Amino acid sequence: MASQNKGGHPKDSFIHKHFTGEQDTRMKSHQWIMTCKYCLASEATPIIHRDIRCLSHLAKTDGQGNCKHVPPEVRREARRLLMLKAGIERSPSL
């Protein structure tokens, strides 16, 4: 999954650890289309790797489009990362 683009954001190792993805070259932005590694093939829905969509998929337990099979420790880490992105929790390095 090496990026063709020299610029842009660095890869998010947490996301790439829990999702498989491929770059959509049909779109100008070449965004990544991700699939959760924990969802059953019959339930898996492609997610555009943008904003907090992948983290939300792992973190939330209610509603449609959220993973029902993610291990509890991965769900907790996804929630912690969402709080970090929102500025609710401080990074351990601070």
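You'll find the structure just up there.
Residues numbered from 1 in each chain as written. Predicted model: local features only at pLDDT ≥ 70, side-chain atom pairs only at ≥ 80, totals over all residues. Heavy atoms only, no water.

Visitor: Explain the environment of aspartate 51 here, please?
Guide: The topology assignment puts aspartate 51 in the loop between strand S3 (47-48) and helix H2 (53-59). The spacing of aspartate 51 and lysine 85 is 34 residues in sequence and 9.8 Å in space, taken between C-alpha atoms. (Helix = DSSP H or I, 4+ residues; strand = E, 2+ residues; numbered from the N terminus.)

Visitor: Explanation requested: the pattern of salt bridges in the structure shown.
Guide: Think of it this way: side chains of opposite charge can pair up when their charged atoms draw near. For the structure on display, the rule yields 1 salt bridge. The residue arginine 80 makes a salt bridge to glutamate 77 at a minimum N-O spacing of 2.9 Å. Here the residue arginine 80 and the residue glutamate 77 both occupy positions in helix H3 (residues 72-86), the gap between them amounting to 3 residues, near one helical turn. (Salt bridge = Lys/Arg side-chain N within 4 Å of Asp/Glu carboxyl O.)

Visitor: Looking at this structure, I do not really get the nonpolar core. What am I missing?
Guide: In globular proteins that are soluble, nonpolar side chains generally tend to be buried together. By size, the foremost hydrophobic cluster in this structure holds 18 residues, and its most contacted members are Phe14, Ile15, Phe19, Leu55 and Leu58. Contributing elements (two or more residues each) for this core: helix H1 (13-18), strand S2 (32-36), H2 and H3. Dropping the residues within four chain positions of it, leucine 55 is found in contact with Phe14, Ile15, Ala78, Leu81, Leu82 and Lys85. (Core = buried A, V, L, I, M, F, W, Y, C linked by side-chain atoms within 4.5 Å. Buried < 20%, exposed > 50% of the residue type's maximum accessible area, 1.4 Å probe, protein only. Contact = heavy atoms within 4.5 Å.)

Visitor: So what exactly am I meant to see when it comes to the sheet that holds strand S1 (residues 19-23) here?
Guide: Strand pairs in the sheet, formed through backbone hydrogen bonds, run parallel or antiparallel to each other. The antiparallel open sheet is built from 3 strands, whose spatial order is S1-S2-S3. The open sheet has two edge strands, S1 and S3, and neither has a second partner. Bridge count between S2 and S3: 2 bridges; the pairing is antiparallel. Each residue of the ladder has a partner; that of methionine 34, found in S3, is isoleucine 47. (Pairing = 2+ DSSP bridges.)

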